[in-house]
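Inside the fold
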Amino acid sequence: MANSVYPPKRFVAYFSMEIALENDMPSYSGGLGVLAGDTIRAAADIRLPMVAVSLLYRKGYFRQRLGEDGAQTEEPVEWEVEKFLQEEEPRISVMLENRRVELRAWRYMVKGVRGYEVPVYFLDADLPANDARDRELTGALYGGDPYYRLSQEVLLGIGGVRMLRALGHTELMRYHMNEGHAALLTMELLEEETKRAGRTAIKGEDIERVRSKCVFTTHTPVPAGHDKFPAEYLSRLVPDQVRFIDVKDASSVDLIKSILQVEQSYPDWKEAAQRGASVNMTYLALSLSNYVNGVAKLHGEVSRKMFPNVPIEAITNGVHAATWTSPAFQDLFNRYIPSWREDNYSLRGALGLPPEEVWAAHLLSKHSLLEAVRKKSGLKLDPEAFTIGFARRATGYKRADLILRDLDRLRQIAKNVGSFQIVYAGKAHPRDAGGKEIIKKIFKAKKALKKAVTIVFLDDYDLELGGQLTSGSDLWLNTPQYPMEASGTSGMKAAVNGVPSLSILDGWWVEGCIEGVTGWSIGEPHRGDPGPESPVDNVMDAESLYAKLESVILPMFYEERNRYLEVMRHAIAINGSFFNTQRMVQQYITDAYLR
Ligand SMILES: *Cc1c(COP(=O)(O)O)cnc(C)c1O
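Residues numbered from 1 in each chain as written. Predicted model: local features only at pLDDT ≥ 70, side-chain atom pairs only at ≥ 80, totals over all residues. Heavy atoms only, no water.

**Remarks on the overall build of the chain**
Applicable threshold: Under the DSSP-based scheme used, a helix requires at least four consecutive residues in state H or I and a strand at least two consecutive residues in state E, with every element numbered from the N terminus. In this treatment the radius of gyration is a C-alpha quantity, and the globule benchmark scales as 2.2 Å times the residue count to the 0.38 power. Three labels apply to residues, based on accessible area from a 1.4 Å probe with only protein chains included: buried if under 20% of the type maximum, exposed if over 50%, partly exposed otherwise in between. Any two residues having at least one pair of non-hydrogen atoms within 4.5 Å are treated as being in contact. In these tables, accessible area is a Shrake-Rupley quantity obtained with a 1.4 Å probe, and a residue counts as shielded only by the protein chains included in the view. Counted charges follow a simple rule, with Lys and Arg positive, Asp and Glu negative, and His plus the chain ends left uncounted. Every charge is mapped onto a representative atom, which is NZ of Lys, CZ of Arg, CG of Asp or CD of Glu.
Check the secondary structure of the chain and you find 24 helices and 20 strands. On C-alpha atoms alone, the chain measures out to a radius of gyration of 24 Å, which is about the 25 Å that the 2.2 N^0.38 rule sets for 595 residues. The dimensions of the chain, computed from C-alpha atoms along their principal axes, are 75 × 50 × 45 Å. Residue burial in the chain is summarised as follows: out of 595 residues, 61% are buried. If you take every contact in the chain between residues at least 6 apart in sequence, the share linking residues at least 24 apart comes to 73%. Per element, the accessible surface of the chain, about 22900 Å² overall, is 50% carbon and sulfur. Each charge class in the chain was averaged separately, 73 positive and 78 negative side chains, and the resulting centres sit 0 Å apart.

**Looking at helix 23 (residues 561-576)**
Here is the rule: Expected helix span is given by 1.5 Å per residue-to-residue step, counting one fewer step than there are residues.
Counted at 1.5 Å a residue, the expected span for helix 23 with its 16 residues is 22 Å, and the 21 Å between its end C-alpha atoms agrees. When we look at burial in helix 23, the residues that qualify are Tyr564, Leu565, Val567, Met568, Arg569, His570, Ala571, Ile572, Ala573, Asn575 and Gly576.

**Topic: the domain arrangement of the chain**
How large an interface is tends to be reported as the accessible area lost when its parts come together. Test applied: An automatic or database domain assignment is the source of the domain bounds shown. What counts as buried area is the accessible surface, traced by a 1.4 Å probe, that two parts surrender upon association, with contributions from both included. Salt bridge criterion: a side-chain nitrogen from Lys or Arg within 4 Å of a carboxyl oxygen from Asp or Glu.
When cut into domains, the chain gives domain 1 (1-182) and domain 2 (332-525 + 534-577). If you average the C-alpha positions of domain 1 and of domain 2, the two centres end up 32 Å apart. Each partner contributes residues to the interface: domain 1 has 22 residues there, and domain 2 has 22 residues. Taken over both partners, the interface formed by domain 1 and domain 2 buries close to 2000 Å², and the fraction arising from carbon and sulfur atoms is 51%. Taken together, the links from domain 1 to domain 2 amount to 2 salt bridges.

**Concerning the side chain of Asn575**
Its location among the elements puts Asn575 in helix 23. Sequence-distant contacts of Asn575, defined by excluding residues within four places in its chain, comprise Ala495, Trp508, Trp509, Gly512, Thr518 and His570.

**What to know about the site of the ligand**
Threshold: We call a residue near a molecule or strand when any one of its heavy atoms sits within 4 Å of it. Pairing of N or O atoms within 3.5 Å defines a polar contact, subject to two protein rules: one partner must be a possible hydrogen donor and the other a possible acceptor, and residues neighboring in sequence count only if both atoms are side-chain atoms. Gly is put with the polar residues, along with every residue not named as nonpolar or charged; the nonpolar set is Ala, Val, Leu, Ile, Met, Phe, Trp, Tyr, Cys and Pro, and the charged set is Asp, Glu, Lys and Arg.
Taken together, 13 residues surround the ligand, and among them Tyr461, Gly488, Thr489, Ser490 and Lys493 come closest. Within the contact set of the ligand, an oxygen atom lies 2.5 Å away from a side-chain nitrogen or oxygen of Ser490. Between Lys493 and the ligand, the recorded distance is 2.6 Å, taken from a side-chain N or O atom to an oxygen atom. Considering the ligand on its own, with 390 Å² of exposed area, one finds that the protein chains cover 93% of that surface. Of all the elements in the fold, those that place two or more residues in the shell around the ligand are helix 2 (31-45) and helix 20 (490-496). Among the residues making up the shell around the ligand, the classes are represented as 4 nonpolar, 5 polar and 4 charged.

Encoded structure:
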């Protein structure tokens, strides 16, 4: 059936725990999913024969509600799957413990700028044939306990490969794991190779064959971001698969050693599991991939230090330019740079855009942000006032509160140099108590500052709000604790809309910042080894932020508008033309897929 809809011959399968495609499809939580969606859009634009696989979340991630004091509560998202997705015919199954879990797939077609389509399959366990608790396995994104999470990863990795086969994708040449969540796909591929060779136990050559097909992208330098599960969980969930790789062939012993991260070699997996070894999904993916990359040059360096025995390269992230360009800038680009959608490189021509038209387009984007703020919060922001945008997951290292360290200083700057207002958004993970505290802290500062500096925190950050914020702010602020930000992509969305960044030199900004040309840095470039987090950094970084705002950015915005417009045009021409997924996918093709 699938074959009549689009050419079945596909080259690469892209696996991701989350994929953001539409605002009202709650199939993502944040940056990882947004990147996945933008990657697929760019693949469709350049007609790359790709298919993508994820899980269906009937309750989504969560809807964020904020109390008077900023206390976050979470509610499940309700949505109609049938309104967005087309059910596919095949059913496949995966054994979990001793239960057969049946899966179906729902398809979404991503259409590229030239009409080429990339199918995205969302796996769904909510079928009558399944146990009640198994039906819940495709319920919530990043919900549940570690055992639930590992069960989901089994469905994504092992179920995903089986579903692709059932849909007719039997000749895929590459499997791209977008983060370690999908690493178990390698176990299914190993089993396929072994069976194809007519054997019942794996050999080194099977491992080599699987490795030659797999690509792995790691996304975070934060250790907690790397999935680790007790090895015993995996033995319990998928005993057949574990038995399968647990043989006394020299290469599989090495493989198991590296997956289980054990120093001494145990006689077998079972023994290791009993002694408390854990399976690290990152190591599984690293061990079975031919090409591994971080998501910005600095992140590549940091990852090489984290995993010293593996060659790790870097492909810097991007955003899908057409998706993240505001309607006003789309119109401007259509008139002056007509090929910009097919050829994002041509955005370098933005240097020739008439400044007054850039400003007019920016004012339209800003107006639409302020309208969104009014609708969501009832607050009327000042359209003339310098507007700082800050939106990202609320969690400790992202330091959303850095700019709020010294409220008196903020009052003085606003009074002496020029008024400004800050628009915030961002969800904290339901179990991230520290992240939730940060939101409350912002609410406190908002009350303390009153009218001196208007602060607004918009709830339920999503794709739509992300687009409005990154295009409608006058400045995009990013203050992560170096070197914790792998890449960051919201500043890239700002850049295609001519919105400059003020950011710590971390993640993509190390590459994107040309001081005073594309935006501004907070603090000095770091040299040598990235050090541990220290409170001293907070003081110095806040001081640097205030100084830039006070003596460089606000005066330029209010008194030298033409110079500010120069920076805006450079943001598009230098950064928008490069930090996009069209360039990024082309690099994946040449560096990773065709390697
Ligand atoms: C772009 C985007 C992100 C990721 O942005 P970062 O800069 O990486 O934090 C997260 N959530 C939403 C809704 C987005 O649009």
